[in-house]
Each structure stands twice: as structure tokens, then as C-alpha cells.
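Listed below are the residues making up each chain.
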Amino acid sequence: MKVIGICGSPRGEASRTTRLVRAVLRGAEGQGAETAFVDVAALTILPCTGCETCYATGACIHGDDMAALQEAMVSADGIVLGSPVYIDQVTAQMKAFIDRTADAIHCQLLTGRYGCSVATTWESGGNEVVEYLNHVLRWLGVVTVGDTWAALGEDPGAILPAEKAAVTLGETLAEAIRTRRKYPGQEEEIAENWRAFREIVRNHRAAWPHEYAFWEERGWL
Ligand SMILES: Cc1cc2nc3c(=O)[nH]c(=O)nc-3n(C[C@H](O)[C@H](O)[C@H](O)COP(=O)(O)O)c2cc1C
């Protein structure tokens, strides 16, 4: 079982969100998972230009670190997303990464994986950010098992209960992967997304041959 944790804080090991992502990974490791931590801000992931080359060919015009990160996600069973709240949203680094998953979303590339999200904030936006991150995961076809976020202010001790909750979240994630746990409400949401993207891909057969071929090869059309 492989679990990858992807964190969007630009503050490296000083990051409080990094601590939560790492705590989720520790929880999953305790249940036998092999884990990897990815610091998105330390990678080169350029913003999407909206050129749609990836829809047409499967490759991005930016020859940067995103292709390898996407491969790592595909080879994982579990995906953890984490971001600090920046002006009530994810960081720019996290958003650049998310925008670059547009082709993966059209292809429902992470179907069958499980995931969860974490966030830290001074005060506002924590719940909105984890809900957004989990929504992105479900758009990729990932079943989400929960979230943890914490409003930490400047209290250095406030991270401790959040880390504990994050370890538990990691245990839940690993357990869901192992037992292929069912989340009936989400299955309907993900199936509805799948049908909507199938329609989009069908309607763009000529413009997006890569995506059409991807769906056709899987017998999904
Ligand atoms: C540019 C910037 C914007 C921020 N925006 C918010 C905000 O909208 N609401 C809030 O409560 N905290 C905000 N914060 C505080 C961070 O969310 C908080 O300190 C967080 O724990 C930092 O995470 P990190 O240690 O993982 O980098 C902001 C911090 C920065 C640097």
C-alpha cells in the first residue's frame, strides 16, 4: 500500500501544514503503508496556460516536475493533500499544481484511489480549504475519507491536538484502502462526474484525440 502526501506550503520544514501532512503519513505507516512526502513548493510546477495541449496529446507544454508527480499519484493507493490558508484559499503553489491536473480530471485518472486533506490557518478559511481540496480529489475520481484542519494563531502548542487528529486520519485512510471501504454518497457523486466527463470527452473527439483514445482503450465510451 502506497500513500503520497502533497503539501503546498512554501515554508519547507518550518511549515505547520507540513507537520499535519507528515502526521497523516505516520498514521498510514502505522497501518503498514509505504509513504512519500512531496513539497510542491520545492518543485517546478508552472501555471497552466489553458492551451489544451495536454487534452490533445497527453503531454504538457511545460517540461517541468508535474509529469513525475502525476506518475507518483497514479502509482499510489492513497493521496493526501495539504495547504495553508492564504487569503481564504489554498496557496498559489497548490493551485498551480491543482490546475495542472485538468487532463487527469478529464481522464478520471485516479479512479479507485482513496484520499484526504489537511489545512492550517491563523484563524479563517480552514474548513473551506479542506473541503475544496477533498472536492478536487473527488473530481480526480478519488474517494475521500475525511479531513483535519486547525486554526493555530500563534500558539505553538495548538498544533499538537491537530497532529493527533491527523495521525488518526492517516490510520482511517490506510484502513479504507485495505478494506476498499464504501462511501455510498460519494460513489454517486463520483459516478455523476464520470458521466459528465465522458460526455465532454465524446464531444471533443476531434480536438482532444489523447483523451478520446484514453477513454476508448478502457472501454468507457
Ligand atoms: C500570504 C498569507 C496569507 C494568509 N492568509 C490567511 C487567511 O486568509 N486567514 C488566516 O486565518 N490566516 C492566513 N494566513 C496564515 C496562515 O494560514 C497560517 O499561518 C498557516 O498555519 C501557515 O501554514 P504553514 O506554516 O504550513 O506555511 C496567511 C499567511 C500568509 C503568509
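Here goes a summary of the coordinates provided. (Residues numbered from 1 in each chain as written. Predicted model: local features only at pLDDT ≥ 70, side-chain atom pairs only at ≥ 80, totals over all residues. Heavy atoms only, no water.)

As a further point, take the side chain of T144. Inspection of the secondary structure assignment puts T144 in strand β5 (residues 143-151). Take T144: its relative accessible area is 5%, and that puts it in the buried class. Engagement of the side chain of T144 in a polar contact is seen with the side chain of R138, the distance being 2.8 Å. (Helix = DSSP H or I, 4+ residues; strand = E, 2+ residues; numbered from the N terminus. Buried < 20%, exposed > 50% of the residue type's maximum accessible area, 1.4 Å probe, protein only. Polar contact = N/O pair within 3.5 Å; in protein donor to acceptor, adjacent residues only side chain to side chain.)

The local shell around the ligand holds 15 residues, among which R11, S15, T17, V85 and E123 are the closest. One of the side-chain nitrogen or oxygen atoms of R11 is found 2.6 Å away from an oxygen atom of the ligand. One of the side-chain N or O atoms of S15 is found 2.6 Å from an oxygen atom in the ligand. Protein coverage of the free-state accessible area of the ligand, which is 650 Å², stands at 75%. Secondary structure elements with two or more residues in the shell around the ligand: α1 (16-30) and β4 (114-121). (Near = heavy atom within 4 Å. Areas by Shrake-Rupley, 256 points an atom, 1.4 Å probe, with all protein chains shown as cover.)

A few words on the nonpolar core. Of all hydrophobic cores here, the largest spans 34 residues; its most connected members are I6, L69, I79, L81 and F97. Looking at this core, the elements that each hand over two or more residues are β1 (2-7), α3 (66-74), β3 (78-84), α4 (92-99), α5 (102-106), α6 (126-139), α8 (184-203) and α9 (209-217). The biggest single contributor to this core is α6, with 5 residues. When near neighbours in sequence (up to four residues on either side) are disregarded, L81 contacts I6, M94, F97, C116, S117, V118, L133 and L137. Among the nonpolar cores identified, the runner-up in size contains 27 residues, and V21, A150, L152 and A166 belong to it. (Core = buried A, V, L, I, M, F, W, Y, C linked by side-chain atoms within 4.5 Å. Contact = heavy atoms within 4.5 Å.)

Applying the stated criterion across every chain, the model contains 9 salt bridges. A salt bridge links E163 to R19; the shortest N-O distance between them is 3.0 Å. Of the two residues, E163 sits in helix α7 (residues 159-179) while R19 sits in helix α1, which places them 144 residues apart along the sequence. Look at E163 and you get buried, because its relative accessible area is 13%. (Salt bridge = Lys/Arg side-chain N within 4 Å of Asp/Glu carboxyl O.)

Any functional reading would require information that these geometric values do not contain.
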